[in-house]
Amino acid sequence: MRESSKNALEILKEYAPEQEKKTGHAKASYGTADFNKYYHNSFENITQLTQYCAQNRQELLDSTLEWQQPILDSNMPDWLKFRLINSGYVLYTNSILNKAGSFTSMEGGMMGLTGTADQRLSSHPVYQKLFPELDRSENLMFQVTRGSNGRIMHFTGNYYVGIGDTTKQSESPMTGNGWMIDNSMSWMIQMAKEYQNTGDEELLEQIKPVFDKLVPFLKSCIHKADGITLQIPQGPTTYDDRSHPAVMSYSGSTYLAALNASKVIAQASGDSAMVAECENQIALTQESMNSDAMFNGQYYAYGYGREEGLETGRIDYVFSGMLAGQFLSRYSGWDDILPHDNILSSIQTQLQSALQSPGYYLAKVYDPVT
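Keep in mind the model is a prediction, meaning the values are calculated, not measured.

**Q** When you look at the nonpolar core in this model, what are you seeing that I'm missing?
**A** Nonpolar side chains tend toward joint burial in soluble globular proteins. One finds Trp 187, Met 188, Ile 189, Phe 211, Met 294 and Leu 338 to be the most contacted residues of the largest nonpolar core, which totals 67 residues. If you tally residues by element for this core, the top one is helix H10 (residues 249-269), at ten residues. Beyond its immediate sequence surroundings of up to four residues, Ile 189 is in contact with Leu 121, Thr 254, Ala 257, Ala 258, Ala 261, Leu 328, Ser 332 and Trp 334.

Below, the structure written as structure tokens:
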């Protein structure tokens, strides 16, 4: 066992020193990419890093417990404590922080693709609260890899080809490829909150032109679904593991939070016309969300429109993402995006009916009747 461990350490040490030629991987072709690790700014090799960790292990433990202990000491159930703490696992399984300071995450085993803008919608709070500089850095990487109409794309690059930074794109052929409608909404919410957290006027000046493109882009995605016009953008979303209705409660609630974000940026910029446009659209989208097409009197339905195997119309499935925008709006310190009674009734329905869901993790979409 000791010999195996020694061999493993020796192998690791061969790759850990700083690369003089920044090629990193045999498949890498982006010659200007920095494939070195961030610790190379302070340590020459893995041995020095290991020695530092050993010498400062108590301080490192205390710093870890500083954010975990309040959760562990709370009266929340153990399963929720586990999920809250474990929500940061991507930081040490999928994230990249190179010597140059560029930060991004890879999407699982998807060929080294970096960015995953859709997943940041739910995962960004741990970055934003604990590592705000890294959070801003990755969001700005999305800003420089925008697609047509200014929309935010799914990926920022590829580890094996090279990741960019906050000023230039990666040369990966996948950069600028693939988009989901919630990519843009997610970015808007996160950047508005970043501005509110920092009051950084240079950041405001940098992101305002992007908001000016995204607001009309999202509005242009509103169109009829099976003969009815609901004021909710339509398009592909992160929930791509199944076909879904033309109009989703997830997109509607997230759109409302994105409009709140746009209003924040418009107010800070003194753009009264944009403020008025956002307020008008918020009222229209709220009316659609609270209509019979989307709210069944008990909870916000999965959506409206045709889904494979189901008849057209309102689809009264319980959907875990129906109040995503409400969570994000309140997390950001903004108002409720929907009537409080409707929100409360929706949450109660999900908590009560979710007990029938098999397995440890709840189903994302299910019929509460069966």
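**Q** For this particular structure, what's the right way to read the pattern of salt bridges?
**A** Pairing is possible between side chains that carry opposite charge, provided their charged atoms lie close to one another. For the structure shown, the criterion picks out eleven salt bridges. Residue Asp 271 pairs with Lys 208 through a salt bridge whose shortest N-O separation is 2.9 Å. One end of the pair, Asp 271, is in the loop between H10 and helix H11 (272-289); the other, Lys 208, is in helix H9 (residues 201-220), with 63 residues separating them in the sequence. A relative accessible area of 21% places Asp 271 in the partly exposed class. Put simply, Glu 279 and Lys 263 hold a salt bridge, and the shortest N to O gap is 3.1 Å. Here Lys 263 lies in helix H10 and Glu 279 lies in helix H11, a separation of 16 residues in the sequence. Residues joined by salt bridges that share partners form a network here, namely Arg 120, Asp 135 and Glu 138.

**Q** Would you explain the packing of aromatic side chains in this entry?
**A** Here a ring pair, both rings aromatic, is described through the centre-centre distance and the interplanar angle of the planes. A complete count under the given rule lists eleven aromatic pairs for this structure. For the pair Tyr 239 and Phe 319, a centre-to-centre distance of 4.8 Å together with 70 degrees between the ring planes defines the contact as edge-to-face. In this pair, Tyr 239 is assigned in the loop between strand S6 (228-229) and strand S7 (247-248) and Phe 319 in strand S10 (residues 318-319), connecting sequence segments 80 residues apart. With relative accessibility at 17%, the residue Tyr 239 sits in the buried group. Ring centres 6.2 Å apart and planes at 20 degrees place the aromatic pair Phe 327 and Tyr 331 in the stacked group. Pair noted here: Phe 327 and Tyr 331 are both in helix H12 (residues 324-331), with a separation of four residues, about one helical turn. Judged by relative accessible area, Phe 327 falls into the partly exposed class, the value being 47%.

**Q** Sorry, what's going on with empty space enclosed by the protein here?
**A** Over the atoms, a rolled probe matching the size of one water molecule traces out where space is still vacant. Tallied over the entire structure, the rule returns one cavity of 30 Å³ or more. Lining the largest cavity, in full, are Ala 117, Arg 120, Asn 139, Phe 142, Ile 152, Asn 183, Ser 186, Trp 187 and Gln 190. Sorting the residues of the lining of the largest cavity by element identifies helix H6 (117-130), helix H7 (132-143) and helix H8 (181-198) as the ones contributing at least two each. Sorting elements by how many residues they give to the lining of the largest cavity places H8 first, with four residues. Partitioned by chemical class, the residues of the lining of the largest cavity number four nonpolar, four polar and one charged.

**Q** I'm lost on unusual backbone geometry in this one. Help?
**A** Backbone geometry follows two general trends: most residues other than glycine have a negative phi, and most peptide bonds adopt the trans configuration. Although it is not a glycine, Thr 116 sits at a positive phi angle of roughly 50 degrees. Mapped onto the elements of the fold, Thr 116 is located in the loop between strand S3 (113-114) and H6. Phi is positive for Asn 149, close to 65 degrees, though the residue is something other than glycine. Within the fold, Asn 149 resides in the loop between H7 and strand S4 (157-158).

**Q** I tried to follow the layout of surface pockets on my own but got confused; where do I start?
**A** Here the second largest pocket is characterised by a volume of approximately 1100 Å³. Around the second largest pocket, the lining comprises 31 residues; the ones closest to its centre are Leu 91, Tyr 92, Ser 95, Leu 97 and Phe 131. Counting residues per element, the lining of the second largest pocket draws most heavily on helix H3 (residues 57-72), which supplies five residues.

**Q** Explanation requested: the side chain of Gln 326 in the structure shown.
**A** Relative to the assigned elements, Gln 326 resides in helix H12. The exposure class assigned to Gln 326 is buried, which follows from its relative accessible area of 8%.

**Q** Can you help me understand the environment of Phe 211 in this one?
**A** With respect to the helices and strands, the residue Phe 211 is situated in helix H9. We classify Phe 211 as buried; its relative accessible area is 2%. Those residues in contact with Phe 211 that sit more than four places away from it in its chain are Trp 187, Met 188, Met 191, Ala 192, Pro 216, Ala 261, Ser 262 and Ile 265.

**Q** What am I meant to see in the packing of H9 against H11 here?
**A** Each packed pair of helices is defined by two parameters, the angle between the axes and the distance between the axes. In the contact formed by H9 and H11, the axes pass within 12 Å of each other and the chain directions differ by 30 degrees. As the angle between them shows, H9 and H11 are arranged roughly parallel. The way H9 lies across H11 gives a crossing that is left-handed. In this structure, H9 uses Asp 212, Val 215 and Lys 219 to contact H11, whose residues at the interface are Met 274, Glu 277 and Gln 281. Partitioned by chemical class, the residues of the contact of H9 with H11 number two nonpolar, one polar and three charged.

Calculation rules
- Residues numbered from 1 in each chain as written.
- Predicted model: local features only at pLDDT ≥ 70, side-chain atom pairs only at ≥ 80, totals over all residues.
- Heavy atoms only, no water.
- Core = buried A, V, L, I, M, F, W, Y, C linked by side-chain atoms within 4.5 Å.
- Buried < 20%, exposed > 50% of the residue type's maximum accessible area, 1.4 Å probe, protein only.
- Helix = DSSP H or I, 4+ residues; strand = E, 2+ residues; numbered from the N terminus.
- Contact = heavy atoms within 4.5 Å.
- Salt bridge = Lys/Arg side-chain N within 4 Å of Asp/Glu carboxyl O.
- Phe/Tyr/Trp six-rings, centres within 6.5 Å; stacked < 30°, edge-to-face > 60°.
- 1 Å grid on protein atoms, 1.4 Å probe; cavity = no way out; pocket = protein on both sides within 12 Å on 5 of 7 lines; lining within 4 Å.
- Points joined across faces, edges and corners; volume = space filled by probe spheres on them.
- Nonpolar A, V, L, I, M, F, W, Y, C, P; charged D, E, K, R; others polar.
- Axes fitted to C-alpha atoms, helices over the stretch in contact; angles between N-to-C directions.
- Parallel < 35°, antiparallel > 145°, perpendicular 65-115°, else oblique.
- Left-handed = near helix turned anticlockwise from the far one by under 90°.

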